[in-house]
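# Residue-level structural notes
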Amino acid sequence: MEYILIFIAAVFVNNVVLSQFLGICPFLGVSKKVSTAIGMTGALTFVMILATLVTFIIQKSVLDPFGIGFMQTITFILVIAALVQMVEIILKKVSPSLYQALGVFLPLITTNCAVLGVAILVIQKEFNLLESVVYAGSIAIGFGFALTIFAGIREHLELVDIPKGMRGLPIALITASILAMAFMGFSGMVSI
């Protein structure tokens, strides 16, 4: 039951992009097409779970025992950067079309504060290893859920007559804020 609560809280209540405002750059940049949003979700999910797993192990087996917790941020950034490079190489070999579709946004996962934020949050919340992986996967699913909904809305907005001054980023930001308010309706449901 605890893992279900973690899942619900991470996906709906504490959505990383709509309530914690982490990962805004890829949220706005990759949300023009649903297919690209789904591809980004897959890459981000893989990186986020793997990064959380590796950083948790490093925190508990190296940083905490040796009393060098102050190195947490720089260590986590280096681990995440290495993992993103690995994902980029794999995507280039396995799915060149997805690699081309993601373009510049794939390297942006390296600096995506959502990945670093989740790695740090699982340590702060004092989750065990399994809870950390469930939380990271749930956060990634929540990010993907919000990103895909937002991409679908943006695709639809391309077909609508919008005043010239509101086209592009202005209407995207207004749409994102309305989507964030919709997700606020879940607040109070569960807390972790």
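Now for a look at the structure at hand.

Definitions and limits used
- Residues numbered from 1 in each chain as written.
- Predicted model: local features only at pLDDT ≥ 70, side-chain atom pairs only at ≥ 80, totals over all residues.
- Heavy atoms only, no water.
- Core = buried A, V, L, I, M, F, W, Y, C linked by side-chain atoms within 4.5 Å.
- Buried < 20%, exposed > 50% of the residue type's maximum accessible area, 1.4 Å probe, protein only.
- Helix = DSSP H or I, 4+ residues; strand = E, 2+ residues; numbered from the N terminus.
- Contact = heavy atoms within 4.5 Å.
- 1 Å grid on protein atoms, 1.4 Å probe; cavity = no way out; pocket = protein on both sides within 12 Å on 5 of 7 lines; lining within 4 Å.
- Points joined across faces, edges and corners; volume = space filled by probe spheres on them.
- Nonpolar A, V, L, I, M, F, W, Y, C, P; charged D, E, K, R; others polar.
- Polar contact = N/O pair within 3.5 Å; in protein donor to acceptor, adjacent residues only side chain to side chain.
- Axes fitted to C-alpha atoms, helices over the stretch in contact; angles between N-to-C directions.
- Parallel < 35°, antiparallel > 145°, perpendicular 65-115°, else oblique.
- Left-handed = near helix turned anticlockwise from the far one by under 90°.

## Examining the nonpolar core
Formed by 52 residues in total, the largest nonpolar core has its most connected members in Leu-18, Phe-27, Met-48, Ile-109, Val-115 and Tyr-135. Elements supplying a minimum of two residues to this core: α1 (2-13), α2 (24-29), α3 (34-63), α4 (72-94), α7 (113-124), α8 (129-157) and α9 (169-184). Those residues in contact with Ile-109, other than ones at most four positions away along the chain, are Met-40, Ala-43, Leu-44, Val-47, Ile-80, Val-84 and Val-115.

## Some thoughts on the layout of surface pockets
Of the pockets and cavities examined, the largest pocket occupies roughly 200 Å³. What lines the largest pocket is simply Lys-32, Arg-154, Leu-157, Glu-158, Val-160, Ile-162, Arg-167, Gly-168 and Ile-171. Its residues assigned to classes, the lining of the largest pocket shows four nonpolar, one polar and four charged.

## Focus on the side chain of Ser-31
Along the polypeptide, Ser-31 turns up in the loop between α2 and α3. Among the residues examined, Ser-31 registers a relative accessible area of 0% and is labelled buried. Side-chain polar atoms of Ser-31 contact the backbone oxygen of Leu-28, separated by 3.3 Å. At 2.8 Å, the side chain of Ser-31 forms a polar contact with the side chain of Arg-154. Sequence-distant contacts of Ser-31, defined by excluding residues within four places in its chain, comprise Pro-26, Leu-147, Phe-150, Ala-151 and Arg-154.

## Side note on the packing of α3 against α8
Each pair of packed helices can be described by the angle between their axes along with the distance between the axes. Two elements in contact, α3 and α8, have axes whose closest approach is 9 Å; the angle formed by their N-to-C orientations is 165°. Regarding the angle of α3 to α8, the classification is roughly antiparallel. The handedness of the crossing between α3 and α8 comes out as right-handed. Of the residues contributing to the contact of α3 with α8, the split by class is 17 nonpolar, eight polar and one charged.

## Brief notes about unusual backbone geometry
One non-glycine residue with positive phi stands out, namely Phe-21, at about 55°. On the secondary structure map, Phe-21 appears in the loop between α1 and α2. Assessed through its relative accessible area of 54%, Phe-21 is described here as exposed.

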